[in-house]
Amino acid sequence: MAPSFDLWAKGSHKGTPVVVKMKNPNWSIDEVEGLSDDDFLIDNTPTGAREKARNKNAKQLTWVLLLKAHRAAGSLTSIASTFVALGSVIRGRVASGRTDADNNSSNENKTVKTRLYNCIKVFLWLSLLLLGFEIAAYFKGWHFGAPKLQLQYVFTSPYGVRNLFDLLYSRWVLIRVEYLAPPLQFLANVCIVLFLIQSLDRLILCLGCFWIRFKKIKPIPKQGALADLESGENGFFPMVLVQIPMCNEREVYQQSIAAVCNLEWPKSKILIQVLDDSDDPTTQLLIKDEVHKWQQEGANIVYRHRIIRDGYKAGNLKSAMGCSYVKDCEFVAIFDADFQPTPDFLIRTVPHFKDNEDVGLVQARWSFVNKDENLLTRLQNINLAFHFEVEQQVNGVFINFFGFNGTAGVWRIKALEDSGGWLERTTVEDMDIAVRAHLHGWKFVFLNDVECQCELPESYEAYRKQQHRWHSGPMQLFRLCLPDIIRAKISVWKKFNLIFLFFLLRKLVLPFYSFTLFCIILPMTMFVPEAELPAWVVCYIPATMSFLNILPAPKSFPFIVPYLLFENTMSVTKFNAMISGLFQLGSAYEWVVTKKSGRSSEGDLVSLVEKKPKHDRVGSEPNLEEMKADLEQEKEQKAKKKKHNRIYRKELALAFLLLTASARSLLSAQGIHFYFLLFQGISFLLVGLDLIGEQIM
């Protein structure tokens, strides 16, 4: 530790001993003297004293430099050990040979699944061939520093055509200029225009969010609508149906059922449905037993299991709405199995319906109990914070429409029935019902200050499947809804917003240009330098958009660069999903339940323990013993089929494509393009080797 000096303090300066502590050194320093009076003597100091002071200062400086050198060596050692560990993980992953092609759990057609991968492989092999050709040409004197090549330069080149190689390369240059560069530049310009339009849309949304904050705009219930549970007379207490759809979600069923049963609402005015679509008998027994416990605690809760499980979540909700007792309910609140609403959730959402007969939906925002679990969850938190804080809030305030998030929302049952109810025609039943309700004139309210806790996918495999469903479903829905939107009796502005902004710009254009521009066109311009992308397209605008995206999550600013790179990396999955949904390919109908880990915040656990002290002691012990035995058998079976991290072939192929293009950019001395391609290639490499999320050892 360095000594602390005050050169202007009163009194004489005393020699201060300084103890220098080292981290596990090979040698030790016990004591170094601090500054004394001799160190402050100036010109009139005798020569010997000045020399003595100079020697002391030199000795102290030597020890400080040694200390810093030791710390630097320790840092290098830790970095080296990290790389060694990373290398061993990569070797083990490559040696295992497990790829996304081995995953047989999906319904995706094998031919469809490999189509995009084969196209990327063609680009990769072509880029490797061209890189070798360009390197050979470079060493033979063909130096083109700038991508402004003219035909006259080739004909008047001092190199001339001296041999067969020069003849071939000169012909290749002419082919580039005449045939390849024009269409590539045209496609690049189209993507740039789409990029600018989408960036403008994002900027307008951010300005709208700023205006909402500046003016402190907030949905407020009508006077007299706020619930008063203590009196039980004042306030707004309609009959509310609460639905918890779930399917084989053993990790989270207890906490979600407990959270819903602890909602603050009159017991006679709430009915809870646990809609269990599990096909695992043990999970069914566990959930049924949990419902039975809460029934004995006095909760108005029922268990429902479908024999014929068609239509995924939409079919489950549709079947539950057909129960005879639902006609007595006015509103329905929906929570997915991993959601944990706060006790005052209904008190803060349902009053917004009072005296607002045209309000069909009240949506709360999500918060995440595991947002700091790993890098993947941190990056997801940035995306979803922008989605709720900016997109949902701005659309809710200014146009009273946004996509229903499928959970943590309260619907007016009349709005559901008026819009045709739940339909199983797409994998985004929540967006489907929201669009149809909007076409029938219903308004939506978004509450940014009401949060409902849930989980983020912690593994890349789970996140990838979730994003595939979220980006293929909207394209399915767009094909089905377009005729209805055109025929609907709504304003031209609402039709424009639905078709061009909600669907085309934000659901189709965004994944299209992200993948095409940054993963295909940019690396190709390195091999066809006559077509170029300006530096502001590659660096400045993407950095600005990332900055805007990260504003709703200010604590995530250190991750702004990984966020930018990861968003481009995910574009391959989103593009593939978008194409599948748009052209009705096999993977568009794939539905995989997102893997949960069953995390709860400490505050939730404490509140639940306080509210249900007797809960854990109620139940049928014989059944529990049988279920424990079944669980042990299942654990043994799962041990044989242990999950592993996989290698993702499309991402890995794109990594090598981008790294090859970055090597080619060095020959043209394109600095910004080189660094972007290099780091983007490394990002694809990390994702392709499944090193970004949960690591299963």
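How each quantity is defined
- Residues numbered from 1 in each chain as written.
- Predicted model: local features only at pLDDT ≥ 70, side-chain atom pairs only at ≥ 80, totals over all residues.
- Heavy atoms only, no water.
- Helix = DSSP H or I, 4+ residues; strand = E, 2+ residues; numbered from the N terminus.
- Buried < 20%, exposed > 50% of the residue type's maximum accessible area, 1.4 Å probe, protein only.
- UniProt positions renumbered as here; feature names shortened; annotations may be inferred.
- Core = buried A, V, L, I, M, F, W, Y, C linked by side-chain atoms within 4.5 Å.
- Domains from an automatic or database assignment.
- Contact = heavy atoms within 4.5 Å.
- pLDDT = per-residue confidence, 0-100.
- Salt bridge = Lys/Arg side-chain N within 4 Å of Asp/Glu carboxyl O.
- Pairing = 2+ DSSP bridges.
- Axes fitted to C-alpha atoms, helices over the stretch in contact; angles between N-to-C directions.
- Patch = residues over 30% accessible without salt bridge, like charges linked within 9 Å, V, L, I, M, F, W, Y side chains within 5 Å.
- Areas by Shrake-Rupley, 256 points an atom, 1.4 Å probe, with all protein chains shown as cover.
- Expected span 1.5 Å × (residues − 1).
- Bend = angle between axes of the 7 residues up to and from the residue.
- Parallel < 35°, antiparallel > 145°, perpendicular 65-115°, else oblique.
- Nonpolar A, V, L, I, M, F, W, Y, C, P; charged D, E, K, R; others polar.
- Left-handed = near helix turned anticlockwise from the far one by under 90°.

### Digging into unusual backbone geometry
In the Ramachandran plot, Asp355 falls in the positive-phi region, its phi being about 60° despite a non-glycine side chain. Among the structural elements, Asp355 can be located in the loop between helix H8 (345-349) and strand E8 (359-368). With phi around 60°, Asp690 is a residue other than glycine that occupies positive phi space. Assignment of secondary structure puts Asp690 in the segment after helix H19 (671-688). By relative accessible area, which is 4% here, Asp690 ends up buried.

### Some details on the UniProt feature "transmembrane region" (unreviewed entry) in the protein chain
When the UniProt feature table is mapped onto this chain, "transmembrane region" (unreviewed entry) is found at residues 122-139, 186-212, 498-527 and 672-692. Across residues 186-212, the secondary structure splits into 100% helix and 0% strand, with the terminal C-alpha atoms separated by 39 Å. What you have in residues 498-527 is 100% helix and 0% strand, and the ends, taken at the C-alpha atoms, are 40 Å apart.

### Focus: the nonpolar core
In terms of nonpolar packing, the biggest core is built from 89 residues, with Val242, Ile257, Ile301, Leu346, Trp411, Val435 and Phe444 touching the most fellow members. Among the elements that take part in this core, strand E10 (residues 443-454) stands out by supplying 7 residues, more than any other. Domain assignment of the residues forming this core places at least three in each of domain 1 (107-186 + 460-596 + 645-696) and domain 2 (229-374 + 384-456). Apart from the residues lying within four places of it in its own chain, the contact partners of Val242 are Val260, Leu263, Ile270, Leu271, Ile272, Gln273, Ala333 and Phe335. Among the nonpolar cores identified, the runner-up in size contains 63 residues, and Leu116, Val177, Met475 and Val528 belong to it.

### Concerning the confidence of the model for the protein chain
Taken residue by residue, the protein chain gives an average pLDDT of 81. The fraction at 70 or more is 73%. Every residue in residues 1-35 is under pLDDT 50, and counting partners more than four places away or in other chains gives 51 contacts. Every residue in residues 602-622 is under pLDDT 50, and counting partners more than four places away or in other chains gives 22 contacts.

### A word on the pattern of salt bridges
Per the counting criterion, the structure on display carries 25 salt bridges. A salt bridge links Glu461 to Lys465, with the nearest nitrogen and oxygen atoms 3.1 Å apart. Pair noted here: Glu461 and Lys465 are both in helix H12 (residues 460-487), with a separation of 4 residues, about one helical turn. Since its relative accessible area comes to 17%, Glu461 is described here as buried.

### Remarks on the pairing of E8
Here E8 lies mainly inside the structure; 10 of its 10 residues are buried. In this sheet, strand E9 (residues 409-412) lies alongside E8 in antiparallel orientation, the contact comprising 3 bridges. The partner of Leu361 across the bridge, within E9, is Trp411.

### Concerning the sheet that holds E8
The strand order across the open sheet formed by 8 strands is E5-E4-E3-E6-E9-E8-E10-E7, and the pairing between neighbours is mixed. Across the chains shown, the open sheet's two edge strands, defined by having one partner strand only, are strand E5 (301-305) and strand E7 (340-341). Relative to E10, E8 runs parallel, the two sharing 9 bridges. The partner of Leu361 across the bridge, within E10, is Phe444. Across the sheet, helix H7 (residues 312-321) touches strand E3 (240-246), strand E4 (270-276), E5 and strand E6 (331-334), and the angle it forms with E3 is around 145°.

### What to know about a nonpolar patch on the surface
A contiguous nonpolar surface patch, about 560 Å² in accessible area, is contributed by Phe210, Trp211, Phe214, Ile217 and Phe398. Note on placement: Phe214 falls in helix H4 (residues 164-215).

### Focus on H4
The end-to-end C-alpha separation of H4 is 72 Å, in line with the 76 Å expected for 52 residues at 1.5 Å each. The sharpest bend along H4 reaches about 50° and sits at Leu180, with the proline Pro182 one to four residues further on. Looking one or two residues beyond H4, the residue adopting positive phi is Lys216, at roughly 55°.

### Re the environment of Ser367
Along the chain, Ser367 falls in strand E8. Beyond its immediate sequence surroundings of up to four residues, Ser367 is in contact with Glu451, Cys452, Gln453 and Cys454.

### Digging into helix H15 (residues 560-582)
Here H15 spans 31 Å end to end across 23 residues, near enough to the 33 Å set by a 1.5 Å rise per residue. At Ser571, H15 shows its largest kink, close to 35°. The element H15 is extensively covered by neighbouring structure, given that 19 of its 23 residues are classed as buried. Positioned one or two residues after H15, Gln584 has a phi angle of 55°, which is positive.

### Here we look at the side chain of His673
Residue placement: His673 occurs in helix H19. Judged by relative accessible area, His673 falls into the buried class, the value being 8%. Residues contacting His673, with those up to four places away along its chain left out, are Leu522, Met526, Leu533, Ala535 and Val538.

### Digging into the packing of helix H9 (residues 375-398) against H15
In the contact formed by H9 and H15, the axes pass within 11 Å of each other and the chain directions differ by 85°. One finds that H9 runs roughly perpendicular with respect to H15. Of the residues in H15, those in contact with Leu376, Leu379, Ile382 and Asn383 of H9 are Pro562, Tyr563, Phe566, Glu567 and Lys574. Per-class residue counts for the contact of H9 with H15 are 6 nonpolar, 1 polar and 2 charged.

### Considering the packing of H15 against H19
Two elements in contact, H15 and H19, have axes separated by 9 Å at closest approach and are oriented at 60°. Of the possible angle classes, the one that applies to H15 and H19 is oblique. In terms of crossing hand, the pair formed by H15 and H19 is right-handed. Judged by residue contacts, Leu565, Phe566, Asn568, Thr569 and Val572 of H15 engage Phe676, Phe679, Gln680, Ser683, Phe684 and Val687 from H19.

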